[in-house]
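# Inside the fold
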Amino acid sequence: MIIAREEMAAALLGLMVEESGFQPRFVPSDQPVAAAIPAQGPFAVLIDCDHPEFNKDLIDLVKTSGARPLLFSPFRSRRDMRDLGSRHGTQAFTLPIEPTTFIRLLST
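Residues numbered from 1 in each chain as written. Predicted model: local features only at pLDDT ≥ 70, side-chain atom pairs only at ≥ 80, totals over all residues. Heavy atoms only, no water.

Aromatic ring pairs are defined here through the distance separating the ring centres and the angle between the ring planes. One pass over the full model with this rule turns up three aromatic pairs. Where phenylalanine 72 meets phenylalanine 93, the ring centres are 5.9 Å apart and the plane angle is 20°; that geometry is what we call stacked. With phenylalanine 72 in strand S3 (residues 68-73) and phenylalanine 93 in strand S4 (residues 91-94), this residue pair connects regions lying 21 residues apart in the sequence. Here phenylalanine 72 and phenylalanine 93 have matching classes, each one buried. Between phenylalanine 93 and phenylalanine 102, the ring centres sit 5.9 Å apart and the planes meet at 80°, which makes this aromatic pair edge-to-face. Residue class for phenylalanine 102 comes out buried when judged on its relative accessible area of 1%. By way of ring pairs, the aromatic residues Phe72, Phe93 and Phe102 are connected into one cluster. (Phe/Tyr/Trp six-rings, centres within 6.5 Å; stacked < 30°, edge-to-face > 60°. Helix = DSSP H or I, 4+ residues; strand = E, 2+ residues; numbered from the N terminus. Buried < 20%, exposed > 50% of the residue type's maximum accessible area, 1.4 Å probe, protein only.)

This is how it looks when you write it as C-alpha cells:
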C-alpha cells in the first residue's frame, strides 16, 4: 500500500512496486488511511513521512496489522530519513531510489 502526500510520488512508487513483482495498492480517496490498512491487509505500507496523517500511531497500526512500514520522502535528506527510520524502528529511503535498492527494501 502506498500513502503519499503527492499523486506524482504515489504514481512513481506504484510503478516501482509493480516492476518489483508486487501489486500496488492505494488508499481510496473516500477512506481514512487508518481504515484502509486493515481493510486491504497489505504486505508492506510505503508511508510518505510528510503526509498529513503520518505519525507514530500510524506506524504502530501498520505493524499491528502485520504489514511492514517503509518510510520515504522525496524532499528529505538520506541522513534525515535514516534517523527517522531508526527512531520508528523501520527502514526509510529518499526518492529517487535505485531500482535494485528499492526491490531489496521491499522484499526483505
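There is more to say, and it comes next.
Attention now moves to the environment of alanine 4. Within the secondary structure, alanine 4 is located in the loop between strand S1 (2-3) and helix H1 (7-19). Separated by 70 residues in sequence, alanine 4 and proline 74 have C-alpha atoms that sit 9.9 Å apart. If near-sequence neighbours (up to four positions away) are discounted, alanine 4 is found in contact with Ala10, Asp48, His51 and Phe72. (Contact = heavy atoms within 4.5 Å.)

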